[in-house]
Amino acid sequence: MYQSFTMNFAENDEYITSVCYMPSENAICIDRTDSGFRYNIVSKRKVMVRSQGGIIRLRVVMDRFSAEIFVNDGEQVLSSCLYTPQEADGISFAAEGAVCVDVEKYNISI
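Everything in this summary refers to the structure shown in the same document.

### Some remarks on the layout of surface pockets
Empty space within the largest pocket amounts to approximately 1,800 Å³. Contributing to the lining of the largest pocket are 40 residues, with M7, V60, V61, M62 and E104 lying nearest its centre. Sorting the residues of the lining of the largest pocket by element identifies strand 1 (4-11), strand 5 (58-62) and strand 8 (90-96) as the ones contributing at least two each. Of the residues contributing to the lining of the largest pocket, the split by class is 25 nonpolar, 7 polar and 8 charged.

And the structure:
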């Protein structure tokens, strides 16, 4: 069993926002400490999620100024404003242990 899975987005050398799943705690945490807004706001939020043997389903919807994370088809939803410059457009994944990830990316244009 893996210890954690992290998805980083709105990322470059200066900025980053992270979503981390910890199966041992059945919890998801979003951390926007380094998303570009430094004033008195809540930077980290943690919610309990239903896990099925360490398996969860995440859907992340991002636009220019926000991110919404839907866990297990909307059983839990985390929504956050991002104050990150548009140039911070990197996305990366990390895990402690072996994980199986299926990623689909869609571009929405106006």
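### Quick word on a nonpolar patch on the surface
On the surface, a nonpolar cluster with roughly 480 Å² of combined accessible area is contributed by M62, I91, F93, V99, V101 and V103. Tracing the backbone through its elements, the reader meets V101 in the segment after strand 8.

### Points about the state of the cysteines
Applying the stated criterion to the full structure yields 0 disulfides. C20 carries a free sulfur, and the closest cysteine sulfur to it, the one in C29, is 7.0 Å from it. Looking at the unpaired C100, the closest cysteine sulfur is the one in C20, lying at 18 Å.

### Examining the side chain of T84
Mapped onto the elements of the fold, T84 is located in the loop between strand 7 (76-81) and strand 8. Engagement of the side chain of T84 in a polar contact is seen with the backbone oxygen of S35, the distance being 2.6 Å.

### Section: unusual backbone geometry
Even without being a glycine, A10 presents a positive backbone phi close to 45°. The topology assignment puts A10 in strand 1. Classification of A10 as buried rests on a relative accessible area of 13%. Notably, D73 is not glycine yet its phi reads approximately 60°, a positive angle. Structurally, the position occupied by D73 is in the loop between strand 6 (66-71) and strand 7.

Basis of the calculations
Residues numbered from 1 in each chain as written. Predicted model: local features only at pLDDT ≥ 70, side-chain atom pairs only at ≥ 80, totals over all residues. Heavy atoms only, no water. 1 Å grid on protein atoms, 1.4 Å probe; cavity = no way out; pocket = protein on both sides within 12 Å on 5 of 7 lines; lining within 4 Å. Points joined across faces, edges and corners; volume = space filled by probe spheres on them. Helix = DSSP H or I, 4+ residues; strand = E, 2+ residues; numbered from the N terminus. Nonpolar A, V, L, I, M, F, W, Y, C, P; charged D, E, K, R; others polar. Patch = residues over 30% accessible without salt bridge, like charges linked within 9 Å, V, L, I, M, F, W, Y side chains within 5 Å. Areas by Shrake-Rupley, 256 points an atom, 1.4 Å probe, with all protein chains shown as cover. Salt bridge = Lys/Arg side-chain N within 4 Å of Asp/Glu carboxyl O. Disulfide = S-S within 2.5 Å. Polar contact = N/O pair within 3.5 Å; in protein donor to acceptor, adjacent residues only side chain to side chain. Buried < 20%, exposed > 50% of the residue type's maximum accessible area, 1.4 Å probe, protein only.

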